[in-house]
Amino acid sequence: MIIDCHGHFTTAPAQLADWRDRQVAYAEGRGPAPDPADLVITDDELRAVIEANQLKLMDERGSDLTIFSPRASFMAHHIGDFEVSSVWSRICNDLVHRVSTLFPDRFAMGAMLPQSPGVDPATCLPELHRVVEELGAVTVNLNPDPSGGHWTAPPLTDRSWYPIYEALVAYDVPAMIHVSTSCNPAFHTTGAHYLNADTTAFMQLIQGDLFADFPTLKLVIPHGGGAVPYHWGRFRGLAMALGKPDPEALLDNVFFDTCVYHQPGIDLLTEVMPSSAILFASEMIGAVRDIDPRTGHHFDDTLRYVSATKNLTDQQREAVYAGNALRVYPRLAARLATQAATAGA
């Protein structure tokens, strides 16, 4: 089995973006607040966009199941206030839940949280409870920078985040550390801000002692961990200078995905990081959608790179494909076991 732990609903029907444009206009004082009931997307429309896009590519490339969350750049927590984020999160989460219900063998739900700059993260708890208890989410995306590139939030090790971690631990649900759109012109959203955030999050974890308080908390850092694997020696040296444990000690709790879009990058990731800390992912359909003229294949067809790397044994490769994900996402493992039992009954 091949589980892609990083997928976003980037192909939602146009009505979603149209509704969001009206909500943004409201947040900016240019119109009335749109009614969520005005957003009508049928099951047939959802089936059409999924079958023509994500499902088509999954079948062509050979992946079996995708952990599917709202479009990361659409989270845009910097827009409006908490109420705006709360309404938008509920709409987006309900949509990906419907996809996971329409295609239960191919998609498992991931959720966004209604974060807002300067607002206590604990305000996200009602939606976190709802998506796990009522919608069956197996993970949530946690934005370490709701300000959209200005980094006004405290580090992830700050106690203000602890109510979120307490809930995640209680549910045995991991979080993917994933920022959203950059509103800072110095940081391109997917080329700079995303990778900056991945790197920043890991450095914050080195500087703090989060897992002493939450020894079972699991965090996934996407996009191959940003600069972390490439500069592993730097991070080890900085940890020594700060009087902190070797960063490898974090790898019982921190995991990196394979959203790295060339073979040398995957080779580096799999050489530097233990295979137990790597989760297969492609972020398809995401930031990089073109075909690499050097290979003739899509940049984001990461299954090719993981299959080709010589740094993994067959057993390790199988763990990267699925075994590690089933360990990191226990609610997904339970769901698949239930599906298998039902099919065999």
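Data block above holds the structure.
Residues numbered from 1 in each chain as written. Predicted model: local features only at pLDDT ≥ 70, side-chain atom pairs only at ≥ 80, totals over all residues. Heavy atoms only, no water.

Enquirer: It is not clear to me how the overall build of the protein chain should be interpreted in this structure. Could you clarify?
Expert: Secondary structure summary: the protein chain contains 14 helices and 10 strands in total. Relative to its length of 345 residues, the protein chain is compact, with a C-alpha radius of gyration of 19 Å against a globular reference of 20 Å. Dimensions of the protein chain along its principal axes, counting C-alpha atoms only, are 55 × 45 × 45 Å. Going through the 345 residues of the protein chain one by one, you find that 53% of them count as buried. (Helix = DSSP H or I, 4+ residues; strand = E, 2+ residues; numbered from the N terminus. Rg over C-alpha atoms; globule rule 2.2 N^0.38 Å. Buried < 20%, exposed > 50% of the residue type's maximum accessible area, 1.4 Å probe, protein only.)

Enquirer: So what exactly am I meant to see when it comes to the sheet that holds strand β3 (residues 107-112) here?
Expert: Note on sheets: strands pair through backbone hydrogen bonds, and any given pair is parallel or antiparallel. Across the sheet, eight strands lie side by side as β1-β2-β3-β4-β5-β6-β7-β8; this open sheet has parallel pairing. Lying at the two open borders of the sheet, with one neighbouring strand each, are β1 (3-9) and β8 (278-279). Relative to β3, strand β2 (residues 65-70) runs parallel, the two sharing three bridges. Following the sheet pairing, Phe-68 is matched in β3 by Met-109. (Pairing = 2+ DSSP bridges.)

Enquirer: Looking at this structure, I do not really get the pairing of strand β4 (residues 139-142). What am I missing?
Expert: Within a regular beta strand, the side chains point alternately toward one face of the sheet and then the other, so they alternate between its two faces. Neither face of β4 is exposed, since Thr-139 and Asn-141 on one face and Val-140 and Leu-142 on the opposite face are all buried. In this structure, β3 lies alongside β4, joined through three bridges in parallel fashion. In the sheet register, Gly-110 faces β4, and the bridge partner there is Thr-139. Taken together, the three bridges between β4 and strand β5 (residues 175-177) define a ladder with parallel strand orientation. When the bridges of β5 are listed, Leu-142 appears paired with Ile-177. The handedness of the β4 to β5 crossover, carried by helix α7 (residues 162-171), is right-handed. (Right-handed = clockwise from strand over helix to strand, strands pointing away.)

Enquirer: Is there a simple way to think about the environment of Leu-39 in this case?
Expert: Mapped onto the elements of the fold, Leu-39 is located in the loop between α1 (14-27) and α2 (43-52). What makes Leu-39 buried here is its relative accessible area of 16%. Expressed as a C-alpha distance, the spacing of Leu-39 and Asp-18, which sit 21 residues apart in the sequence, is 8.9 Å. If we ignore the near neighbours within four places in the chain, the residues touching Leu-39 are Gln-15, Leu-16, Trp-19 and Ile-91. (Contact = heavy atoms within 4.5 Å.)

Enquirer: Where do I start with the packing of α2 against helix α5 (residues 82-102) in this structure?
Expert: For any two helices packed against each other, the geometry comes down to the angle between their axes and how far apart the axes lie. Interhelical geometry of α2 versus α5 gives an angle of 75° and a closest axis separation of 10 Å. As far as their axial angle goes, α5 and α2 are roughly perpendicular. Where α2 abuts α5, its residues Asp-43, Leu-46, Arg-47 and Ile-50 lie against Leu-95, Arg-98, Val-99 and Leu-102. In the contact of α2 with α5, the residues fall into five nonpolar, no polar and three charged. (Axes fitted to C-alpha atoms, helices over the stretch in contact; angles between N-to-C directions. Parallel < 35°, antiparallel > 145°, perpendicular 65-115°, else oblique. Nonpolar A, V, L, I, M, F, W, Y, C, P; charged D, E, K, R; others polar.)

Enquirer: In this structure, what is going on with the pattern of salt bridges? I would like to understand it.
Expert: Should their charged atoms come close, side chains of opposite charge can pair. Applying the stated criterion across every chain, the model contains 11 salt bridges. For Arg-98, the salt bridge goes to Asp-43, with nearest N and O atoms at 2.8 Å. Separated by 55 residues along the polypeptide, Arg-98 in helix α5 and Asp-43 in helix α2 bring together distant segments of the chain. Among the residues examined, Asp-43 registers a relative accessible area of 34% and is labelled partly exposed. Across the pair Arg-236 and Asp-246 runs a salt bridge, and its minimum N-O distance is 3.0 Å. With Arg-236 in helix α10 (residues 232-241) and Asp-246 in the loop between α10 and β7 (254-257), this pair connects stretches of sequence that are 10 residues apart. Residue class for Arg-236 comes out partly exposed when judged on its relative accessible area of 38%. A single salt-bridge network, built from bridges that share partners, covers Asp-94, Glu-127 and Arg-130. (Salt bridge = Lys/Arg side-chain N within 4 Å of Asp/Glu carboxyl O.)

Enquirer: Sorry, what's going on with the environment of Arg-236 here?
Expert: Along the chain, Arg-236 and Asp-246 lie 10 residues apart, while their C-alpha atoms are 5.8 Å from each other. Those residues within four positions of Arg-236 in sequence are excluded, and the remaining contacts are Asp-246 and Pro-247.

Enquirer: Explain helix α14 (residues 330-344) here, please?
Expert: In an α-helix, one turn spans 3.6 residues; hence positions three or four apart end up facing the same way. Taking 1.5 Å of rise per residue, the 15 residues of α14 would be expected to cover 21 Å, and the 21 Å separating its terminal C-alpha atoms lies within 8% of that figure. Buried residues belonging to α14 abut β1, β2, α5, β3 and α13 (314-328). (Expected span 1.5 Å × (residues − 1).)

Enquirer: It is not clear to me how the packing of α5 against helix α6 (residues 125-133) should be interpreted in this structure. Could you clarify?
Expert: Remark: α5 packs on α6, axes separated minimally by 11 Å, with the N-to-C direction vectors making an angle of 10°. As the angle between them shows, α5 and α6 are arranged roughly parallel. Of α6, the residues touching α5 (which contributes Ser-89, Arg-90, Asn-93 and Asp-94) are Glu-127, Arg-130 and Val-131. For the contact of α5 with α6, the class distribution of residues is one nonpolar, two polar and four charged.

Enquirer: Got a minute to help me understand the packing of aromatic side chains in this structure?
Expert: To describe a pair of aromatic rings, you give the distance between the ring centres and the angle between the ring planes. Applying the stated criterion across every chain yields a total of 12 aromatic pairs. When the centroid spacing of 6.2 Å and the interplanar angle of 5° are considered together, the rings of Trp-19 and Trp-88 count as stacked. Of the two residues, Trp-19 sits in helix α1 while Trp-88 sits in helix α5, which places them 69 residues apart along the sequence. For the pair formed by Trp-19 and Trp-88, the shared burial category is buried. Between Phe-74 and Trp-88, the aromatic rings sit 6.2 Å apart at their centres with planes inclined by 40°, giving tilted as the arrangement. Here the residue Phe-74 occupies a position in helix α4 (residues 72-75), and Trp-88 occupies one in helix α5, the gap between them amounting to 14 residues. (Phe/Tyr/Trp six-rings, centres within 6.5 Å; stacked < 30°, edge-to-face > 60°.)

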